[in-house]
Amino acid sequence: RPAATGGSNAAGSKPDGRLTIGVAFETLQTEYWVAGFEAIKAELTTRDAEVLEAIADSDPNRQLRQVRNFITRGVDGIIMVPKDAKSCIPAIRAANDAGIPIVLFNRPAGETDAVSVAIQADNFRIAKETTEFLLEQARKTGQKHKAMIVMGDLGDVNAIGRKDGFDAAVAGNQDIVEVVSRVPSEWNQEKAQAGVVNGLQAHPDISLIFTSSDFLLPSIVSALKSADKYHKIGESGHVILGGFDGDATTFKMLEEGYLDATGVQDVYFEAEQTVQAVMDLIEGKDVPPLIEDPGFVIHQGNMQEMAPRTWGANVR
Amino acid sequence: MLRIVRRIVQSGYLTLVLSFLYALLMAWAAPGFATLANATNIVDAMLPLLIVATGQTIVLMTAGIDLSATAIIALTSVVGAWIVTGDDGLLAEHPAATPIAILCMLLVGSLVGLGNGMCIAWVKMPPFIVTLSTMMLVSGLSEWMTQSRSIYNLPDSFLFFGKNIGVAFAIAVVVAISGQLLLTRTWLGASLKHIGSNPATARTSGIQIERGILATYAISGCCAAIASLLITAQLETGSPVQWENNLLDIIGATVIGGTSLFGGRANVAWTACGVLLLTLIDNSLNLLNLSHFSIMMAKGGVILLAAWLDTLRNRWEQQ
Amino acid sequence: MLRIVRRIVQSGYLTLVLSFLYALLMAWAAPGFATLANATNIVDAMLPLLIVATGQTIVLMTAGIDLSATAIIALTSVVGAWIVTGDDGLLAEHPAATPIAILCMLLVGSLVGLGNGMCIAWVKMPPFIVTLSTMMLVSGLSEWMTQSRSIYNLPDSFLFFGKNIGVAFAIAVVVAISGQLLLTRTWLGASLKHIGSNPATARTSGIQIERGILATYAISGCCAAIASLLITAQLETGSPVQWENNLLDIIGATVIGGTSLFGGRANVAWTACGVLLLTLIDNSLNLLNLSHFSIMMAKGGVILLAAWLDTLRNRWEQQ
Amino acid sequence: MNQPLLRLRDIGKSFFGNPVLQNISFEMQAGQTIGLVGENGAGKSTLMNILGGVLAPDSGDMELFGNTYCPDSPRASARAGIAFIHQELNLFPNLSVAENLFLSHFPKKLAWINRSELHKRSQELLARVGLDISPGTKVQSLSAGQRQLVEIAKALGEEARLIILDEPTTSLTDHEVRKLFRLLRELQSQQVSMIYISHALGDVKELCDRILVLRDGQVVADKMAADLQIPDMIRLMVGRQLDRLFPESKSQPGESIVLEANRISQPGVVHEISFQLRAGEVLGLAGLMGSGRTELARILFGLEPMAEGELRLLGEPVQRLSVSQRINKGMAMLTESRRVDGLCTQDSALANLTMVVAKKFTSRLGWIRRRSLHSSASQMAEAVRLNLAEGMNQAVCTLSGGNQQKVVLGKWLLNKPKLLILDEPTRGIDVGAKFEIYALIDQLACEGAGILVISSEIDELMGICDRILVMSQGELKDELQSREFNRERILKSALHADAIWEGDV
Ligand SMILES: Nc1ncnc2c1ncn2[C@@H]1O[C@H](COP(=O)(O)OP(=O)(O)OP(=O)(O)O)[C@@H](O)[C@H]1O
Ligand SMILES: Nc1ncnc2c1ncn2[C@@H]1O[C@H](COP(=O)(O)OP(=O)(O)OP(=O)(O)O)[C@@H](O)[C@H]1O
Ligand SMILES: [Mg+2]
Ligand SMILES: [Mg+2]
C-alpha cells in the first residue's frame, strides 16, 4: 500500500495554532482501552492539542456518525479504534474526502483504497511467544496437557492474530498438548464465563488455559474457583494460565503467583506512536501505513525487570 | 404566558416543538451544529431509524410489538451482502445482482414478518413472545449463515443507496408517507385502529382481524428490510449484528412521539418527530464533546422530559 | 393419549413439565449434563436471574414493566464494589465494609426503583418510557462513576456470596418465596392484581393505586440489587455494564412462565419455571458444544414452543 | 328539625367548557330514599360521580352530617360512608366473588389476608342478597344479573350509610328486580339512605320517598313521590308532552322469509332451535336470565360455533360464513354489552359509526373516500338524534350511556341491514330515547328488514313486536302472536320446569 500522506489543508487549525484532534474509541469496556485512551489523551495534552472524544458502544454505525461529527467540527486529525477491520472503511473514506488525516489505534483497517495509518501490536508474535512460554512450563511437568483457548471476536483482526499465534505455538508442540476446548467470547465477559464453566464441565482435566485478552481473566478465575482448580504455581492442580494485554489485574495475579505469563502490548509506545503519526500527517510528512509494536512477554522469570514497561503495573 | 405554553404543549406535535427549541439551543451552544454538513449528518442518521420506526408504529397501532425488527435488519443485511459481495457473492459481478439482492432482502424481511404475523394471528400467541423468539431465531440464523463474520466488498451499484443521500431521503420519505396514509386514509388502517382499540368490537363488526395482523407484521418486516438496505450500504458492510443495539431506540422514538403501547393510538408523523428528537440529541451532544456517559444520561433525561410534557398535555386536555 | 397430553398441558406448570422433559432428553444427549457438578452450575446460573425476575414479575402484575432492572444491577454492582474494593475502596479493609456495602446496594436499588415508581404513580407517566429513561440515566451514571472501568479486588467477605452456593441459594429462595407470598397472600398483592386487571375499577373501588405502584417498583429495584450482589460476587468484578445484555432474558423468563404483559396475571412460581427452562437450554446447548448461534436459535425455538403450548392450554381451558 | 344527612349547594361541572351540571342544590334526610330521573346525558351519573369522589366539582360545596365534604378520591367517599354502585359495573371479572366483595378492605392480620374470614363474610353477604353461589366463583362466569347482585352485596359489606344506585336494574329480569326491591326495602327499614337512579319510572315511584328530576344539568322538580305522577315526570324530563311509550307500528310483516333457522343446536347452550323471520317483521325473544338468548343470537351472527343445524338468510345457507361475510350479506347485531364488544370507547364517534360501513366507501386501492363517509355518518348521527357536544370527533367514552347505544345502533343502520339482531337494545336508555329507538326499529322494518329483538323487559317486547318467542334452558318453549300477548303466559313459559318460583310477580 502507498504510504499515507498528510492532508494538504492545515486550514482546519484554529487561529491560535492549537490543533484539535478527535479521538473515537469503539468501546471503553476493558482496562486496555481505558489505558490506551488515557495515554493518548495525555500525550495529546502534552503536545498542547485540544481533544474531542467519542465512544461508540461497539456500534460501527454510531462510530461512523461520530467520525462525521468530528469532520463537521473541523478537527485537524482523527484517532480511531474501529470495531473491526472493514466496517470502519466508510469512516476512513469520509475523513479522506474531507482531507483530514486518520490514524487507527491498535486495530488496522482491512484492504481498501481508503488511506489510513495504523499502529498495531504484533498479535501473532506476542501470542505465539506467550504460548510457547506456557508450553515450556507444561513440558517441565512431564505430562501431556489438555488446553483451552478463550477466543475474542473473530471479526477482529487482533483476535484472529492471537488465536493464530496460539495455534502456531501449539502446532509445534503436539506431543505435550491437545486443544480440547475453544470458547468463543465475542469479547464479552459473561459469554466467556459461561463458556469456560461449561468447558471445564465437559473436560474436567483441562490443565492449560490461554485467553486472548486479560480482561476475561476474572471470569476465567471465577470459573476455575468454582471448579476448585485455582491454585498457585507449584501447588498441585495448578492450571497453567496465560493471557494477553498485561492489565493491572493480571499483573497482580502474576505477582501473587497464580498466572504464568502474559503477552504485553506496550500501550505507552503505541499511544506515543499514534499521536506522533497524526502530528506528522498533519504536517504533511510521510508515514508508513503500519507501525508495529513488538510487545513482550512478561512472566515469573522477568517480572521485576519488565514491570516498569508494563502498563498494568503502573495504572494502579 | 401560561396560555402560550399550554397552546404549544397541547399542539399535538409537542415533540416537534421540543425538537425545534432544542435545535435552537444547540445552534447557539454546539459548535458546528448549525451547518449544512451537520444537517446532512442528522438527516443521514434519521433515515433508517425513521423507516424501521414507521413499521413499528403500524404494529403498535394493533397493540402489538415487533422485537424482531433489528434481527430482520441484520438478516436482510447479510442476505443482501451475501448476494452482491465481490468476495464469492452468489451473484458477484452479475449486472442484475443489486436489484435481485434488494428484491431478496424485501422478500426475506416480509416473509419473516409474515411468519410473526401467522403465529400471532392464527395461532394467537402473544406478539411479545413471538417476536422475541423470532429475534433469537433470526439472529442465530444470520450469525450461522456468516459464521459471525461480516461481509464486505459490496459493489458500487449497491453502495449507491448509502452514499447518495438524496435517494436515501426519497426512500425514507416515501415509506413514512405511505405508512401514514395507510394508517389514516385506508380501510386497512382504520381496521388496524379498531383491532388495537378493542379486538372484541372489531370482531363483531366484521373486521378481519387475522388479515390485518398478518399485513401489519409483514409490513414491519418489509420496513426493516428497507432500512437494512440503507444501513448496509452506508456502512459498506453486511453484518449479522447490524443495528442489534438499536431496538430500544426504535421503540423509544415511536413512544416518545406519542404512539401508545396499548394500541389504537399511533401516527407516523408523531414517530418522525420522535426520531428527529432522538437524533438531534445524539448528534448535538456528540458535537458538544460530552463523554458518552453524559450523552446517555442526557438522552434519558430528555426522553423523560418529553414524556412528562406529554402527560401534562393529556391532563390539561381533560380540563 | 390425547387426554394425557391435555392433562399435562393444562397443568398450570407446563413450563416445569417442559423443563423436565427437556432435562431428560439432555441427560441422554449432552455429555456431563446429568452430573452433580453440572446441577450446581445450573443452579448457580439460575439464582440471580430468578431474583431479578421475581421483581419483574411483581411489576408485570400491575401491567407495568421495568426496563431499568439491568441498569440497576450494574449501578449497584459498581456502588458495592466501589465501597469494598481493596484498590482504594471507600471502606477498603474496614471490618464492616461488606455489610455496609450490601446495605448501600439495597438502598440504591430501592431508591432508583422508588424514583421510577414516583414518576409512574404520581406524575402518571407510562412505565415503559420512565424505566427506559431510567435505564439510560442510571447506566450513564454508573459508567461515569467508574469512567467505564471495572472494579476488581473485592474482599473475601464480599465474595462469600458468590462462592458459597448454599448462601446464594438461600437468598434466592427467600426472595422468590417472599415475592410469591406477597402476590398471593397479602393485601398489597391483591391490590396489585386489581391495579393490573383494571386500574379504573381499582380506583373507583378505593384502592390506593399510587402506593401500590411505588412499592412495586421499589421492590423490583431492591430485587435487582440483591441479584447484583450475587453476580458481582460470582464474577469478582464490579462492572458498569454488568448484565447489560440480559434484559430480554429477564422479561422472557417471566413471560414464558405464563405471566401476562397486560397485567393482572403473574406468579413467581411460574417465573421460576421459566428461569429453569431458559437456564437449562443455555447450559445444555453449551455442553453439547453448539456454537452460540445455534444456542440462540434453539432458545428462540423453545420459547416459541412454550408459548404455543400455553396458547393451546388456554384454548382447551375455554372449552 | 334534625340535621340533614347530605346537603349540596350550587354544584356546577363542565367538560371541555360544556356545562353538564349547573347550580344543583338539594338536601336529603337520613333514612330517605331519593329518586333521580332525567334524560340520557342529563347529568345524573356526573352528579353522583361528584358525590362519590370520582370527579371534582368546578363550583359549589357539599356537606355530609353537617361537616364539609369534599372527597378527593372514591376511597375518601367510601370512608365517609357512601357506597356507589356504578352504572357500568365495577367488578374484576378475573377475580373471585369473595375478592371482589372485599376489594378495598380485606379482612387481614397484619399484611396477610385472612382467607377463612374472607370466605365466611362473603357467604354472609351473598346470603343477604339471596345469591346462591360459592364465594370462590370467578365473576366472569356470572351472568349480568348475578354480577349486579354482587355489586350490591359489596356495598352492604362496606356498611354504608348512603348507597347510590346508578341504574341497578338494567341487566335484571323482572324476577331479579323484585328480589332486589325486597332487599332495598329491608335496607330502608334499617334507616339506610339511598339515591336511586333509573329510567324505569314506575320503579322509582314505587321505591322512593322523594323524586328529583334533572334536565340539562339543572333540577327542574323536587317533589315527594306521592305528588308526582309518571306522565308529569316524563314531561319534566323531556321538556315536552309524550303521550305514549311506544310509537304506532307502521310496519307490516311481509311474505318473504329473511331468516330461517332449522334445528340449531350447540351442546350445553341451545337445543334444536327452529324459527322463521319475515321481512318487515319484528320478532321478540323473551326468556329469563341465562336462558341462552344471547348465545343464540351470537350463534346466528357467527360469533360462536354451532354444532348442528341449518341457517338461511334470504334463502341462502349462511352457516358456514364468517362474521364479516354475514355482515356483507346484510346481517347486523347490536350486542348485549356495548362496552365489551360494541364500541371502541376511546375512539371518536365518527370512527365508531363508520366502523362497519367504511369498507363500502373504499376505492379499489383501499382508499377511504372520507368526505362522503363523513357526511353519511353525520346524517346517521342526526337520524338517531345523537347528542354530540363536540362534534363527530368526540370520544365515545365521554358520551352518556344512551348516546353510546345510539352510536352502536347507528353503526349498524349505516350498513342498511336486511336482518338486525338487537340484544337488549334499550338497556340504560331514557324514555325519550327509547321511543326514538323503537321508531327507528319500526322504520327499518317498514323498509323491509327482519328484526329480532331480545329483551328482558316484557312490556317492551309486547309494545313493539309482531310476534314473541319464549326461550328457556336453551330451547324454544312458546310462540305468541301479537293478539295473544300476555305477560303471565310469557313468564310461565320462560320458567324452567324445575325452577323454584317464588311467585311474587
Ligand atoms: N369524562 C367526560 N368527558 C366529557 N364529557 C362527559 C364526561 N362524562 C360525561 N360527560 C358528558 O356529560 C353529560 C352528562 O353525562 P351523564 O353520564 O352524567 O348522564 P346521565 O344522566 O347519567 O345519562 P344516562 O342516563 O345515559 O346514564 C353527557 O352529555 C356526557 O356526554
Ligand atoms: N362468560 C361465560 N362463562 C360461563 N358461562 C356463561 C358465560 N356467559 C354466559 N354463560 C352461561 O351461558 C348460559 C346462557 O347465557 P346467555 O347470556 O346466553 O343467556 P341470556 O338469555 O342472554 O341471559 P341474559 O338475560 O343474562 O343475557 C347461562 O347459563 C350463562 O350462565
Ligand atoms: Mg348515567
Ligand atoms: Mg343475554
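The following refers to the structure shown. Keep in mind the model is a prediction, meaning the values are calculated, not measured.

## Some details on the overall build of chain A
For chain A, the helix and strand inventory stands at eleven helices and 14 strands. Whereas a compact globule of 316 residues would reach a radius of gyration of roughly 20 Å, chain A reaches 21 Å, a difference of no more than 12%. Looking at chain A as a whole, 66% of its 316 residues qualify as buried. Taking contacts inside chain A between residues at least 6 apart in sequence as the whole, the part at least 24 apart equals 73%. When the accessible area of chain A is evaluated, it comes to approximately 10,800 Å², of which 49% is carbon and sulfur surface. Looking at chain A, you have 30 positive and 45 negative side-chain charges, and the mean spots of the two groups are 3 Å apart.

## With respect to unusual backbone geometry
All names here are of chain D. Residues other than glycine seldom take positive phi values, yet Leu-314 does so here, at roughly 50°. With respect to the element layout, Leu-314 can be found in the loop between strand E16 (308–313) and strand E17 (316–317). Note on Leu-314: relative accessible area 41%, which makes it partly exposed.

## Details of the interface of chain C and chain D
Taken together, the contact between chain C and chain D spans 19 residues of the former and 20 residues of the latter. Taking both partners together, chain C and chain D bury about 1,800 Å²; carbon and sulfur atoms supply 60% of that area. There are zero salt bridges connecting chain C and chain D. Counting across the chain C and chain D interface gives two residue pairs in polar contact (both at pLDDT 80 or more). Mapped by element, the contributors of at least two residues to the side of chain C that touches chain D are helix H8 (165–185), helix H9 (187–197) and helix H10 (199–204) of chain C.

## Regarding the sheet that holds strand E22 (residues 475–481) of chain D
Residue and element names in this part refer to chain D. Strands sit in the order E18-E19-E20-E15-E21-E22 across an open sheet of six strands; the sheet is mixed. Whereas interior strands pair on both sides, the edge strands pair on one side only; in this sheet they are strand E18 (331–334) and E22. Recorded for the sheet is a direction-independent mean angle of 20° between the axes of neighbouring strands. Sitting on the sheet, helix H15 (residues 431–446) touches strand E15 (282–287), strand E19 (419–423) and strand E20 (450–454), and the angle it makes with E20 is about 150°. Relative to the sheet, helix H17 (residues 487–494) contacts E15, strand E21 (467–472) and E22, its axis offset from that of E21 by approximately 30°.

## Some thoughts on the site of ligand 2
Residues and elements named next belong to chain D. Taken together, Gln-140, Ser-141, Leu-288, Met-289, Gly-290, Ser-291, Gly-292, Arg-293, Thr-294, Glu-295 and Glu-336 form the complete shell of residues around ligand 2. Within the side chain of Ser-291, an N or O atom sits 3.0 Å from an oxygen atom of ligand 2. In the environment of ligand 2, an oxygen atom lies 2.3 Å from a nitrogen or oxygen atom belonging to the side chain of Glu-336. Burial of ligand 2 by the surrounding chains reaches 64%, relative to a free accessible area of 630 Å². In terms of residue class, the shell around ligand 2 is built from two nonpolar, six polar and three charged.

## Focus: the site of ligand 1
Residues and elements named next belong to chain D. As a matter of local geometry, ligand 1 sits amid 19 residues, with Asn-40, Ser-45, Thr-46, Gln-87 and Thr-398 nearest to it. Separating an oxygen atom of ligand 1 from a side-chain N or O atom of Thr-46 is a distance of 2.5 Å. A distance of 3.3 Å separates an oxygen atom of ligand 1 from a polar backbone atom of Gly-402. For ligand 1, the protein covers 83% of the area, taking 640 Å² as the surface of the free molecule. When residues in the shell around ligand 1 are grouped by element, the largest group, three residues, is from helix H1 (residues 44–51).

## Here's the deal with the packing of aromatic side chains
For the coordinates displayed, the defined rule picks out 13 aromatic pairs over all chains. On the basis of an interplanar angle of 85° and a centroid distance of 6.2 Å, the ring pair of Phe181(D) and Tyr196(D) is categorised as edge-to-face. Taken together, the residues Phe181(D) in helix H6 (residues 174–189) and Tyr196(D) in strand E10 (residues 193–197) connect sequence positions 15 residues apart. For the pair shown, Phe181(D) and Tyr196(D) are each scored as buried. Of the aromatic side chains, those joined through ring pairs into one cluster are Phe25(A), Tyr32(A), Trp33(A), Phe37(A), Phe105(A) and Trp311(A).

## Structural notes on the coordination of the magnesium ion (ligand 4)
Perfect tetrahedral coordination of a metal by four donors corresponds to 109.5 degrees between them, and perfect octahedral coordination by six donors corresponds to 90 or 180 degrees. Surrounding the magnesium ion (ligand 4) are the protein donor atoms Thr294(D) (OG1) and Glu336(D) (OE), which sit 1.8 to 2.3 Å from the metal. Of the two residues, Thr294(D) sits in helix H9 (residues 293–301) while Glu336(D) sits in the loop between E18 and helix H11 (338–341), which places them 42 residues apart along the sequence.

## Digging into the environment of Ile100(C)
Within the secondary structure layout, Ile100(C) lies in helix H5 (residues 97–121). Each C-alpha atom of the pair Ile100(C) and Val138(C) lies 21 Å from the other, and the pair is 38 residues apart in sequence.

## Observations concerning the relation of the copies chain C and chain B
Turning chain C through 180° and shifting it by 0.2 Å along the axis lays it on chain B, with an RMSD of 0.2 Å. In symmetry terms, the pair is related by a two-fold rotation axis. Scanning chain C for the C-alpha nearest the rotation axis identifies Phe262(C), at a separation of 4.4 Å. When the interface residues of chain C are mapped onto chain B, 98% of them again lie at the interface, so the same face is used by both copies.

## Focus: the side chain of Asp341(D)
Of note, Asp341(D) is situated in helix H11. Taking relative accessible area as the criterion, Asp341(D) reaches 8% and is therefore assigned buried. Excluding anything up to four places from it in sequence, Asp341(D) contacts Ala200(B), Thr201(B), Thr204(B), Arg298(D) and Thr335(D).

## Overview of the sheet that holds strand E5 (residues 102–105) of chain A
Residue and element names in this part refer to chain A. Judged by pairing direction, the sheet is parallel, and its six strands sit side by side in the order E3-E2-E4-E5-E6-E13 without closing on themselves. Sheet topology places strand E3 (50–55) and strand E13 (290–293) at the edges, where each strand pairs with a single neighbour. The mean inter-strand angle of the sheet, taken between neighbouring strand axes irrespective of direction, is 15°. Where strand E6 (residues 117–121) meets E13, four bridges bridge the pair, whose relative direction is parallel. Opposite Ala-121, over in E13, you have Asp-293 as the bridge partner.

## Digging into the pairing of E15(D)
Within E15(D), six of the six residues are buried, which leaves it mostly tucked inside the rest of the structure. Covered by surrounding structure in E15(D) are Val282(D), Gly284(D) and Ala286(D) together with Leu283(D), Leu285(D) and Gly287(D), the residues of both alternating faces.

## Side note on the pattern of salt bridges
It is possible for side chains of opposite charge to pair when their charged atoms get near one another. Inspection of the entire model under this criterion finds 50 salt bridges over all chains. For Arg182(A), the salt bridge identified is with Asp167(A), shortest N-O distance 2.9 Å. In this pair, Arg182(A) sits in strand E8 (residues 177–184) while Asp167(A) sits in helix H5 (residues 157–171), placing the two residues 15 residues apart along the sequence. Accessibility expressed as a relative area gives 38% for Arg182(A), which makes it partly exposed. Accessibility expressed as a relative area gives 23% for Asp167(A), which makes it partly exposed. The residue Asp249(C) makes a salt bridge to Lys299(C) at a minimum N-O spacing of 3.7 Å. Placement of the pair is Asp249(C) in helix H12 (residues 247–257) and Lys299(C) in helix H14 (residues 292–318), with a sequence separation of 50 residues. Accessibility assignment for this pair places Asp249(C) and Lys299(C) in one class, buried. What you see here is one network of salt bridges that share partners, running through Arg7(D), Arg9(D), Glu27(D), Asp61(D) and Glu63(D).

Conventions adopted
Residues numbered from 1 in each chain as written. Chains lettered and ligands numbered in written order. Predicted model: local features only at pLDDT ≥ 70, side-chain atom pairs only at ≥ 80, totals over all residues. Heavy atoms only, no water. Helix = DSSP H or I, 4+ residues; strand = E, 2+ residues; numbered from the N terminus. Rg over C-alpha atoms; globule rule 2.2 N^0.38 Å. Buried < 20%, exposed > 50% of the residue type's maximum accessible area, 1.4 Å probe, protein only. Contact = heavy atoms within 4.5 Å. Areas by Shrake-Rupley, 256 points an atom, 1.4 Å probe, with all protein chains shown as cover. Lys, Arg positive; Asp, Glu negative; His and termini not counted. Charge placed at Lys NZ, Arg CZ, Asp CG, Glu CD. Buried area = accessible area lost by both parts, 1.4 Å probe. Salt bridge = Lys/Arg side-chain N within 4 Å of Asp/Glu carboxyl O. Polar contact = N/O pair within 3.5 Å; in protein donor to acceptor, adjacent residues only side chain to side chain. Pairing = 2+ DSSP bridges. Axes fitted to C-alpha atoms, helices over the stretch in contact; angles between N-to-C directions. Near = heavy atom within 4 Å. Nonpolar A, V, L, I, M, F, W, Y, C, P; charged D, E, K, R; others polar. Phe/Tyr/Trp six-rings, centres within 6.5 Å; stacked < 30°, edge-to-face > 60°. Donors = N, O, S within 2.8 Å, 3.2 Å for Na, K, Ca; no water. Least-squares fit on C-alpha atoms with pLDDT ≥ 70 in both.

Function cannot be read off these values alone, since they describe shape.
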